[in-house]
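What follows is the residue order along each chain.
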Amino acid sequence: MQLISCPFCGLRDETEFRFGAEAGKRRGTASSSAEEWANYLYFQGNPKGQTREIWVHLACGEFFMLERDSMTHEIHQSYCIRKEDQK
Amino acid sequence: MRLASFGTAVDSTKPLNFTFDGMACQGLAGDTVASALLAAGVRVVGRSFKYHRPRGIWGHGSEEPNAIFDVSCGIDREPNARGTTTQLSEGLRVRSVNASPNASRDTYGLFDAFARFIPAGFYYKTFMWPDWQRFEPRIRAMAGLGCIDKVWSPKSFSRQVNSTCDVLVVGAGRSGLAAASRAAKDGKSVMIVDEGIEPGGTLLYRSRLIEGVSASDWLCETLIELERRDVRMLSRATAYGVYDHNLVCVSELKGGFAPPDLWRIRTSEIVIATGAIERPLVFPNNDRPGVMSAASALFYLRRYGVRVGERVVIASNNDSTGEIANAFRDAEAKVIEVAAVKDVKGRHGIEAVIDSEGRSIAADALLVSGGFTPTVHLYCQNKGRLRWSESHAAFLPGKPVEGMRVVGSAAGDFGWTVSAAWAAKPGKTRAWIDFQNDVTLKDLAQAARENYRSVEHVKRYTTLGMATDQGKTSNLNGLVAMAALTGRSIAETGTTTYRPPYTPTSLMAFTGVRHGELFNPVRRLALEPEHRAAGAVFREYGGWLRPAAYGSDIQAEALRARETVGIFDGSPLGKIDVIGPDAGALLDFNSYGTISTLRPGRLRYGFMLQETGIVYDDGVIARVDEYRFVVSCSSSHVQGVYQRLEEWRQDQFDPSRVYIHNATPRWATLTVTGPRSRQLLKELDLGLDIGLAELPHMAFVLGSFEGGPARVARVSFSGDLSFEVSVPLSKAVLLFHAMRRASTPLGGILLGLEAMMILRAEKGYIVIGKDTDGLTMPHDLGHTGPRDKRTDEFVGRRALFTDWAMGRDRRQLVGLAVAEGEAALPTGSHGIERVNGKLRSVGYVTSSYFSPTLRRPIALGLIERGAARQGDTVKFQYLGREREATIVAPCFIDPEGTRLHV
Ligand SMILES: [Zn+2]
């Protein structure tokens with residue numbers, strides 16, 4: 001059971017969180033090519049080691065940035081995505 | 001035999017009666033089953049797994065490979081209990097496993113004579129043809145341990161405790177207690193968990209001086225000191241697993257037959273002070289009853305006053321046994337120490353030991369010490385890597401793991417000098433490596449001959465270390481032998497992977513209170529008692545416990561609702577508020593159809609798609625005012641719809657301009673449907689500004705009911721005139737009774753979900769996930785408008801324009817009619833066609849009922865190119881039987897919609 005830090009609520013059990021997306025991934029649009037759209041839908045980087053990901057804390061509902069290591073399960077840091085929340 | 005001096009663990013004034021394989025025995029309070037059996041002079045305690053060899057007690061802790069019993073008392077039973085960790089109690093019935101009729105006379109014992117026909121991999125090679133299932137039942141009856149308790153009726157359930165501390169010490173031996181004491185003195189909060197019945201580890205039976213005082217005095221003082229500093233101590237508690245971020249799971253055995261408690265302890269530092277396990281020596285017939293761990297023999301002598309033999313031979317590769325020899329001499333046993341053992345005589349108990357010179361020494365016990373294997377399971381589970389130490393003859397913890405420290409014998413600090421001489425090549429007589437799974441040196445040699453190299457493969461091929469003891473006494477001897485047989489170093493050969501749990505752990509510990517109703521708790525309606533009083537039969541739908549029907553005649557229920565009026569509890573339907581200046585824009589983006597053009601007071605039906613273009617949910621959205629919408633999604637999708645709205649809100653919008661609130665649990669919704677539904681509502685005081693007759697289809701109005709708000713929406717899932725009345729939960733009972741009072745004179749009834757399913761199918765209204773699947777797009781359901789007309793972006797839009805989405809052969813929603821007098825098509829029947837003589841599916845039946853309104857079967861289905869094939873006949877197949885059906889429009893009653901407007 002990993003402990004993940006929500007920037008709003010602090011350390012909580014991983015069962016309270018859900019993976020959102022790999023950071024930096026852009027949503028496709030109606031003008032995307034078939035390849036671009038398929039990449040958006042189905043292809044993940046799945047890096048081994050350092051990752052930057054968007055997660056959501058289901059308890060407070062906030063999406064945030066999570067930097068962690070997919071090998072060691074070390075959690076490096078988490079922070080708000082939007083400027084106005086970062087204070 | 002029990003000495004008059006007794007031991008430190010037993011109370012000589014309190015005898016306890018028990019039976020072993022039906023034979024009456026007596027032990028003492030404080031005994032384990034193992035110590036009581038040894039005291040009673042029982043040598044053969046069970047039969048081995050494969051060859052049914054007689055076996056005796058080897059050790060004294062959780063590593064015990066042989067002493068596995070079925071224990072019971074009254075109706076309580078515990079299969080496969082380790083005799084070394086099970087405490088004796090009055091009236092306990094102990095039965096050996098894998099032996100019939102009993103351990104000393106076992107009918108399958110002759111298997112051993114045929115051992116050369118049952119080599120490693122025997123089952124894999126022999127029972128392949130014609131198929132394993134043929135042989136399995138007989139083999140299972142002959143092999144295996146214990147049996148399942150079929151009248152399982154637990155009196156209590158495991159407690160599950162979450163806890164935290166600064167330092168968690170695993171093992172209450174010398175090193176663990178010292179580490180705990182130091183941490184406590186530094187002001188840290190400390191917990192100790194220990195497998196033993198009492199804390200102390202080897203201090204309980206070894207005589208050493210520690211810091212100038214005797215082991216027992218040091219133990220006593222340290223325990224007092226720890227208690228004074230509020231250090232929490234759990235005995236009979238096994239830390240069986242280490243998980244991410246220093247979570248340690250502990251199973252704490254309780255008295256009698258109560259299930260263990262499960263502790264989840266989160267800690268900053270884990271101190272592994274788990275000690276080391278004594279290994280057997282590998283020599284011919286080393287599994288005979290009476291061959292025993294030397295340290296365990298000392299343990300039984302000092303703790304229980306049990307002397308396991310009076311003519312004792314000791315064979316050891318280290319200097320730990322000198323004390324043991326002296327202790328047995330002090331106990332008036334004849335002791336001979338030998339350098340090595342060539343063979344052992346005696347089948348049901350040792351009669352003589354043949355030493356390396358070939359001399360025969362009369363003996364009734366052979367105490368062996370083949371060195372020590374550090375208990376590094378938790379370190380390895382935590383991604384620690386071991387290193388081989390020739391001087392310790394053991395794998396030791398390598399680099400430290402963050403947040404964990406390994407101390408004492410577990411780190412190789414044995415206090416003894418080991419000079420291992422490893423077993424030679426297998427001889428004529430079998431020498432055992434793994435007692436519990438019956439793996440011999442010969443089996444390993446065979447595996448090596450067949451070119452098995454990886455220890456993981458050898459483990460699975462020979463079953464070495466795969467028994468319930470997980471090879472605690474055997475793994476190292478096995479891999480050392482493998483190294484020699486394959487000409488590699490021990491370090492190169494390596495170990496198998498350590499995985500939790502460290503010892504077998506009762507499933508009750510993991511279950512806790514999650515059983516029966518709490519296994520998967522259902523969500524309950526506010527009106528459940530009222531429905532029950534009205535005779536409802538409940539069933540689970542999408543996690544909700546809902547009335548399926550009121551009585552047995554679902555057809556009559558549906559028909560009455562068509563003719564008069566039915567009251568249906570629709571409370572689980574989603575009620576998600578979307579509020580703010582950008583609410584319309586968010587809903588446009590989230591939905592297939594445009595929402596922002598809806599006028600206040602109006603409702604709109606539509607779909608939500610996944611990004612893949614697949615239909616995720618359908619529902620009705622109401623616009624309350626300029627900045628406020630209510631999304632009424634399917635009851636089983638409420639959480640999912642809420643989450644996706646929240647995700648798009650934060651990803652694509654300014655969260656300060658739109659807010660989402662799931663109000664579903666706060667409202668009760670009762671639907672009235674049927675030609676007399678308006679008459680029914682007229683009897684209620686709903687505080688409406690307009691007359692019900694002026695409320696158009698797909699519109700709603702706010703009112704009040706019994707001093708609270710009410711929302712009356714004219715919307716239909718049955719095809720009849722229909723109204724949904726939503727009130728706060730606190731008013732639900734009042735609304736229910738008011739509706740029932742009003743419905744009786746109108747001939748109305750309560751309508752269950754099953755009858756409602758028939759009504760909606762007659763009208764061709766779909767249920768997402770039933771009439772659609774993971775390939776269904778909105779245009780397959782006949783909804784093409786938004787795809788063709790919308791120019792703005794929405795979820796799943798791009799996916800509607802892929803080649804696949806626009807393909808010709810898509811499965812589309814159709815109605816299916818069968819010939820006069822035929823029964824309904826089974827749901828799930830596949831439409832079939834033959835292409836070049838081969839059968840292929842062209843779709844399937846998604847919903848099928850007998851229609852009480854039409855008095856004939858109706859069905860919906862997803863059929864290839866179905867929309868353009870009305871009038872075509874399709875063959876359907878179900879369980880080998882073929883039938884025909886005609887494709888018709890997916891609407892069986894009132895296609896003009898006149899019933900909605902009566
Ligand atoms: Zn949070």
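The structure displayed is predicted, hence computed values, not measured ones.

A. Representation of the overall build of chain B in the model. Regarding its fold elements, chain B presents 21 helices and 49 strands. A globule of 902 residues ought to have a C-alpha radius of gyration of about 29 Å, yet chain B, at 37 Å, is considerably larger. Principal-axis analysis of the C-alpha atoms places the extent of chain B at approximately 110 × 70 × 55 Å. The contacts in chain B between residues at least 6 apart in sequence include a share of 66% that link residues at least 24 apart. Within the structure as shown, chain B displays about 38600 Å² of accessible surface, and the carbon and sulfur contribution to it stands at 52%. In chain B, which carries 109 positive and 98 negative side-chain charges, the distance between the mean positions of the two groups comes to 4 Å.

B. Geometry of the environment of B:A9. All names here are of chain B. Following the sequence through the fold, A9 ends up in the segment before β1 (11-20). According to the relative accessible area criterion, A9 is buried, its value standing at 17%. Separated by 294 residues in sequence, A9 and R303 place their C-alpha atoms 5.0 Å apart. If near-sequence neighbours (up to four positions away) are discounted, A9 is found in contact with A29, G30, R303 and Y304.

C. Representation of the domain arrangement of chain B within the structure. Each assigned domain of chain B is listed with its residue range as follows: domain 1 (154-276 + 372-417 + 504-520), domain 2 (422-488), domain 3 (523-572 + 666-760), domain 4 (576-662) and domain 5 (764-888). Between the C-alpha centres of domain 1 of chain B and domain 5 of chain B there is a distance of 61 Å.

D. Expanded view of the nonpolar core. Residues and elements named next belong to chain B. The biggest cluster of nonpolar side chains holds 70 residues, and the ones touching the most others in it are L37, I57, F69, Y300, F328 and L367. Among the elements that make up this core, the one with the highest residue count is helix α6 (residues 294-304) (eight residues). The residues touching L37, leaving out its near neighbours within four places in the chain, are F18, F20, V42, V45, I57 and F69.

E. Representation of the coordination of the zinc ion. Residue and element names in this part refer to chain A. Coordination of the zinc ion by the protein is provided by C6 (SG), C9 (SG), H57 (ND1) and C60 (SG), with metal-donor distances spanning 2.0 to 2.3 Å. Between the four donor atoms coordinating the zinc ion, the angles at the centre fall across 108 to 112°, so the site counts as tetrahedral. Site description for the zinc ion: donor spacing in sequence, C-x2-C-x47-H-x2-C.

F. Quick peek at the interface of chain B and chain A. Each partner contributes residues to the interface: chain B has 23 residues there, and chain A has 26 residues. Both sides of the chain B and chain A interface together cover about 2000 Å² of buried area, and 49% of this is carbon and sulfur. The three residues of chain B that bury the most area against chain A are B:H245, B:Q650 and B:R798, which together make up 33% of that side's buried surface. Between the two partners, chain B and chain A, sit four salt bridges. For A:D13, the salt bridge is made with B:R266, and the minimal N-O distance between the two is 3.3 Å. At the boundary of chain B and chain A, one finds 13 residue pairs in polar contact (both at pLDDT 80 or more). Element by element, the count of residues in the side of chain B that touches chain A is highest for helix α17 (residues 638-652) of chain B, at six residues.

G. Structural detail: the pairing of strand β41 (residues 708-714) of chain B. Residue and element names in this part refer to chain B. Burial analysis of β41 places six of its seven residues in the buried class, which makes it a mostly covered element. In the sheet, strand β40 (residues 699-705) pairs with β41 via seven bridges, with the strands oriented antiparallel. Bridging across to β41, F705 finds its partner in G708. Turn length for the β40-β41 hairpin, with the two strands adjacent in sequence and antiparallel, is two residues, and the turn residue E706 shows positive phi of about 50°.

H. Representation of the side chain of B:T846. Residue and element names in this part refer to chain B. As for its placement among the helices and strands, T846 is situated in strand β46 (residues 838-851). In terms of polar contacts, T846 uses its side chain to reach the side chain of D771, at 2.7 Å. The residues touching T846, leaving out its near neighbours within four places in the chain, are K770, D771, T827, L860, G861 and L862.

I. Highlighting the pairing of strand β47 (residues 856-864) of chain B. All names here are of chain B. The element β47 is largely enclosed, with a buried count of eight among its nine residues. Taken together, the six bridges between strand β44 (residues 811-817) and β47 define a ladder with antiparallel strand orientation. Its bridge partner lying in β47, R811 is registered against E864. Relative to β47, β46 runs antiparallel, the two being bridged by eight bridges. What sits directly across from S848, in β47, is A859. Turn length for the β46-β47 hairpin, with the two strands adjacent in sequence and antiparallel, is four residues, and the turn residue R855 shows positive phi of about 60°.

J. Up close: the sheet that holds strand β32 (residues 544-550) of chain B. Residues and elements named next belong to chain B. Strand order in the open sheet formed by three strands is β30-β32-β31, and the pairing between neighbours is mixed. Each end of this open sheet is capped by a strand with a single partner; those strands are β30 (523-524) and β31 (536-541). For β31 and β32, the ladder comprises six bridges, and the chain directions are antiparallel. Bridge pairing in β32 places V537 opposite A549. Helix-sheet contacts for helix α20 (residues 753-763) involve β31 and β32, and the interaxial angle to β32 is about 75°.

Reading the values: the criteria
Residues numbered from 1 in each chain as written. Chains lettered and ligands numbered in written order. Predicted model: local features only at pLDDT ≥ 70, side-chain atom pairs only at ≥ 80, totals over all residues. Heavy atoms only, no water. Helix = DSSP H or I, 4+ residues; strand = E, 2+ residues; numbered from the N terminus. Rg over C-alpha atoms; globule rule 2.2 N^0.38 Å. Contact = heavy atoms within 4.5 Å. Areas by Shrake-Rupley, 256 points an atom, 1.4 Å probe, with all protein chains shown as cover. Lys, Arg positive; Asp, Glu negative; His and termini not counted. Charge placed at Lys NZ, Arg CZ, Asp CG, Glu CD. Buried < 20%, exposed > 50% of the residue type's maximum accessible area, 1.4 Å probe, protein only. Domains from an automatic or database assignment. Core = buried A, V, L, I, M, F, W, Y, C linked by side-chain atoms within 4.5 Å. Donors = N, O, S within 2.8 Å, 3.2 Å for Na, K, Ca; no water. Tetrahedral: all angles 85-135°; square planar, octahedral: opposite > 155°, others 65-115°. Buried area = accessible area lost by both parts, 1.4 Å probe. Salt bridge = Lys/Arg side-chain N within 4 Å of Asp/Glu carboxyl O. Polar contact = N/O pair within 3.5 Å; in protein donor to acceptor, adjacent residues only side chain to side chain. Pairing = 2+ DSSP bridges. Axes fitted to C-alpha atoms, helices over the stretch in contact; angles between N-to-C directions.

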